[in-house]
Amino acid sequence: MGTAAAGDDVDRPLGAAAEQHRVNLSARRPFPQALRTGLAETFFPDDPFRGFGALPPAARAWRTLKYFVPALEWVPRYRLDKFKYDLLAGVTIASLAIPQGISYAKLANLPPIIGLYSSFVPPLLYAVFGSSNNLAVGTVAAASLLLASIIETDVPPEENPQLYLQLFYTAAFFTGVFQTALGVFRLGLIVDFLSRSTITGFMGGTAAIIIMQQLKGMLGMKHFTSKTDLISVMTSIFHYRHEWKWQSAVLGICFLMFLLSTKTLRKKRPNLFWVSAIAPFIIVVIGGVFAFLVKGNEHGIPIVGDLKKGINPLSISQLTFSEKHVNTAVKAGFLSAILALAEGIAVGRSLALIKNEQIDGNKEMIAFGIMNIAGSFTSCYLTTGPFSKSAVNFHAGCRTPMSNVVMSVCILLVLLFLAPLFKYTPLVALSAIIVVAMIGLIKVKEFCHLYRVDKFDFCICMVAFIGVIFFTMVTGLSASVGLSVLRALLHVARPNTCKLGSIAGGEIFRDVRHYPHARNIPNILVLQLGSPIYFVNAGYLRERILRWVEDEENTCKIDGQDLQYVVLDLGGVTSIDNTGIGMLLEIHKSLDRKGIRIALTNPRLEVTEKLVLSGCIKDIIGEEWVFLTLKDAITACRYALQRSRSKDDGEV
């Protein structure tokens, strides 16, 4: 705060606190620097290349290469004592990847072998480019169903299975392109629009629908609806009730009881997690042997069918970019890319936190993108980091991404030598595996927690959940994201303002609603603005501040006083635009007509720059009425009041 010379007008806070520090109103940043800083904070908040500038060119290039290829960081330091842990984890997740790969491929109406292909190539690439030590790569149920629901509206799988499969490859290609672009241009903030509430509701609704769809396999049915909403699924189940097979139902119940018992065992004895991890593989083996011995396909127990040996054939020539179908592939690729990123990054971060590690979200996007592009060239469809497989990898004691390499080698051996043996796998076994996996995604406790803590978040969650169940997956996801964005816009358009009172002898100022014992400051109104001031909220803030002033004037009149100063705390205002500056000028004029002086405290650099350049501070408010702290402002206002009263008494 500046100190005025003797003889100045009484409105100037003369000698209020000579030792107070001034607000730096001369700070300026050249436009290129301000732009560079803004872009850096938006797209490089983690500043990944800090410290590179001091290195010689060769070292800088090597450090940059290691940043984009994390394997160059951990492979040179890899030791045998880590490999024994990664070997155990890799074999364990491979035993889970085999039944899940086949199951999720069937869920997407794809040939089962595609699920095994998708567990071979992508994990190898993730081990090179991924930054998480805990993530296990594979196919996921939600993305499988989402892709199927979009693509089959354009090309039904039963009418043209080859084109249907080609569109899955093409969608995986676009998924990879979108994910890589988001990582390279550091646009991960787009994924942030999928809030935790949205993901919880979407995954829960998707899980419920997937469970209902598995009644087809559990009952041994051959015909079923291609739609995903609850009404269509239930209608189809009862419409084809003549296809129900009691043999499949009995076998399915047995499989479900076994899988659920292993999950219960894992909860009671966490050290026996591996039992539930290999349980799906066990029922695939047992179910296959049983179906082979009793000729299940002839007695109401449908089986998977032929699985040919051999590694992934190239599919780059099968990518289709015809004008008629490319829009469907792009839509499916974009939506599944966002969903896969949200799930994969969320899982990776949550597991990393337990080990006190960090993962780079943008590096993960690039890794996912590369593995999906390469996967689309090698007969794979979308892959990411599923929670179930990653959790098994984590609990199995993985140390590095080498566990993904081990899993990939195991899948390679299956493809080369054992794939035909899985032809007898009962479809009911795959349905049971999917049902048990999906049960864990319906987080009822999380729903209750959201309802208890934040009703609006609960609504966002339920919109996704109900939208997926009763309409489509895209509808549920879009509606929930839209509601989340609307909430964010409401926070921007209707920001919180509060009146501050003094506590602890006037040293601390807090919201009077939060601290009812906080005392009003006679003749002074202190308001705190807690958001950027933009054209969207400038009108609201003007009206809200003037209402605060009117209410305070009425209160002061009751006490026989007059409101003479309004102090605006701008510490929470991170930026301001031209409309916001105009709003402050309008408030100043309105208060000036009432004889009320306005003061500003603690404006940030971005705000100070614009207020100074616009002339708002120097020509309108006055530099001497801009303070560093609320205490300074209150002291100055009280001093000015005292001088004014002394002058009035002298005149009398």
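On a predicted model such as this, the values are computed, not experimentally measured, just so you know.

1. Here we look at the overall build of the protein chain
(1) Moving on: In terms of regular secondary structure, the protein chain is built from 26 helices and 6 strands.
(2) Moving on: With the principal axes as the frame, the protein chain shows a C-alpha extent of 115 × 65 × 55 Å.
(3) Moving on: By sequence separation, contacts in the protein chain at least 24 residues apart represent 79% of the contacts at least 6 residues apart.
(4) Moving on: Surface summary for the protein chain: the accessible area is close to 30400 Å², and the carbon and sulfur share equals 62%.

2. A few points about the pattern of salt bridges
Pairs can form between side chains of opposite charge whenever their charged atoms are close.
(1) Moving on: Summed over the entire model, instances satisfying the criterion amount to 11 salt bridges.
(2) Moving on: Linking Lys66 and Glu73 is a salt bridge whose minimum nitrogen-to-oxygen distance equals 3.7 Å.
(3) Moving on: Among the salt bridges present, the one from Arg487 reaches Asp454, with a minimum N-O distance of 2.6 Å. Placement of Arg487 in helix H21 (residues 473–493) and of Asp454 in the loop between helix H19 (444–453) and helix H20 (455–470) is noted, with a sequence separation of 33 residues between them.

3. Comments concerning empty space enclosed by the protein
(1) Moving on: Under the criterion given, the structure shown has 1 cavity of 30 Å³ or more.
(2) Moving on: One number sums up the size of the largest cavity: a volume of about 30 Å³.
(3) Moving on: The leading source of residues in the lining of the largest cavity is strand S3 (residues 524–529), at 3 residues.
(4) Moving on: Of the residues contributing to the lining of the largest cavity, the split by class is 5 nonpolar, 1 polar and 2 charged.

4. Here's the deal with the sheet that holds strand S1 (residues 497–503)
(1) Moving on: Pairing is mixed across the open sheet formed by 6 strands, whose spatial order is S2-S1-S3-S4-S5-S6. In this open sheet, the two edge strands, each paired with only one partner strand, are strand S2 (508–511) and strand S6 (626–627).
(2) Moving on: Relative to the sheet, helix H22 (residues 535–558) contacts S1, S3 and strand S4 (565–569), its axis offset from that of S3 by approximately 155 degrees.

5. With respect to the packing of helix H12 (residues 246–268) against helix H18 (residues 427–439)
(1) Moving on: The geometry of H12 relative to H18 is characterised by a closest axis approach of 9 Å and an angle of 40 degrees between their N-to-C directions. As judged from the angle between their axes, H12 and H18 are oblique. In this structure, H12 crosses over H18, and the sense of that crossing is right-handed. Along the contact surface, H12 presents Ser248, Leu251, Gly252, Phe255, Leu256, Leu259, Leu260 and Lys263, while H18 presents Val428, Ala429, Ala432, Ile433, Val435, Val436 and Ile439.

6. Here we look at a positive patch on the surface
(1) Moving on: A surface patch of like charges, here positive, comprises Arg79, Lys82, Lys84 and Arg399.
(2) Moving on: The topology assignment puts Lys82 in helix H4 (residues 80–107).

7. Remarks on the packing of aromatic side chains
(1) Moving on: Summed over the entire model, instances satisfying the criterion amount to 17 aromatic pairs.
(2) Moving on: Between the aromatic rings of Tyr451 and Phe458, the centroid separation amounts to 5.1 Å while the plane-to-plane angle is 75 degrees, which identifies the pairing as edge-to-face.
(3) Moving on: On the basis of relative accessibility, which here comes to 46%, the residue Tyr451 falls in the partly exposed class.
(4) Moving on: Pairing Trp625 with Phe627 gives two aromatic rings, centres 6.0 Å apart and planes at 80 degrees, and the pair type is edge-to-face. Of the two residues, Trp625 and Phe627, both sit in the buried class.
(5) Moving on: The positively charged end of Lys443 is found above the aromatic ring belonging to Phe387, 5.8 Å away from the centroid.
(6) Moving on: When the ring centre of Tyr451 is taken as reference, the NZ or CZ atom of Lys455 above it lies at 4.7 Å.

8. Structural notes on the environment of Thr384
(1) Moving on: As for its placement among the helices and strands, Thr384 is situated in the loop between helix H15 (361–377) and helix H16 (387–395).
(2) Moving on: Taking C-alpha positions, Thr384 is 14 Å from Asn133, a pair spaced 251 residues apart along the chain.
(3) Moving on: Setting aside anything within four residues of it in sequence, one finds Thr384 in contact with Ala136, Val137, Gly138, Val140, Ala340, Gly344, Phe368 and Met371.
(4) Moving on: Of note is the side chain of Thr384, whose polar atom sits 2.9 Å from the backbone oxygen of Ala340.

Conventions adopted
Residue numbers run consecutively from 1 along every chain, following the written order of its sequence. Selection of residues for local features in this predicted model requires a pLDDT of at least 70, selection of side-chain atom pairs for listing and counting requires 80 or more, and totals for whole chains, interfaces and linings are taken over all residues. With hydrogens and water stripped out, all remaining heavy atoms of the structure feed into the side-chain values. Helix numbers and strand numbers start at the N terminus; a helix is a DSSP run of H or I with at least 4 residues, a strand a run of E with at least 2. Residues are treated as being in contact if the distance between any of their heavy atoms lies within 4.5 Å. Exposure was quantified through the Shrake-Rupley algorithm and a 1.4 Å probe, taking into account, for residues, occlusion by the shown protein chains and nothing else. The rule for a salt bridge is simple: a side-chain nitrogen of Lys or Arg has to be within 4 Å of a carboxyl oxygen of Asp or Glu. A pocket here means an open set of points on a 1 Å grid, computed over the protein atoms alone, that has protein on both sides within 12 Å along at least five of seven lines. A cavity is instead a set of points where a 1.4 Å probe fits but cannot get out; residues with an atom within 4 Å of a point line either one. Grid points are joined across faces, edges and corners, and a volume is the space filled by probe spheres set on the points. Think of it as three bins: nonpolar holds Ala, Val, Leu, Ile, Met, Phe, Trp, Tyr, Cys and Pro, charged holds Asp, Glu, Lys and Arg, and polar takes everything else, Gly as well. Pairing between two strands is assigned when DSSP locates at least 2 bridges connecting them. Angles run from 0 to 180 degrees between N-to-C directions of axes, and those axes are lines fitted to C-alpha atoms, restricted for helices to the stretch in contact. Any angle from 65 to 115 degrees is called roughly perpendicular, while one under 35 is roughly parallel, one over 145 is roughly antiparallel, and all others are oblique. Each crossing gets its hand from how the near helix is turned against the far one by less than a right angle, where anticlockwise is left-handed and clockwise is right-handed. Only residues whose relative accessible area exceeds 30% and that take part in no salt bridge are eligible for patches, with like-charged residues grouped when within 9 Å of each other and nonpolar side chains (Val, Leu, Ile, Met, Phe, Trp, Tyr) grouped when within 5 Å. Positive charge is attributed to Lys and Arg, negative charge to Asp and Glu, and no charge count is given to His or to the chain ends. Note that the charge is assigned to NZ on lysines, CZ on arginines, CG on aspartates and CD on glutamates. Working definition: a ring pair exists when centres of Phe, Tyr or Trp rings (six-membered ring for Trp) sit within 6.5 Å. Plane angles under 30 degrees give stacked, over 60 give edge-to-face, the rest tilted. Between buried and exposed lies partly exposed: a residue is buried under 20% and exposed over 50% of the maximum accessible area for its type, with that area taken using a 1.4 Å probe on protein chains only. Criterion for a charge above a ring: Lys NZ or Arg CZ within 6 Å of the ring centre, and within 35 degrees of the ring normal. Distance and chemistry together define a polar contact, namely a pair of N or O atoms within 3.5 Å, with one atom able to donate a hydrogen and the other to accept it when in protein, and with adjacent residues in sequence counting only for side-chain atoms on both sides.

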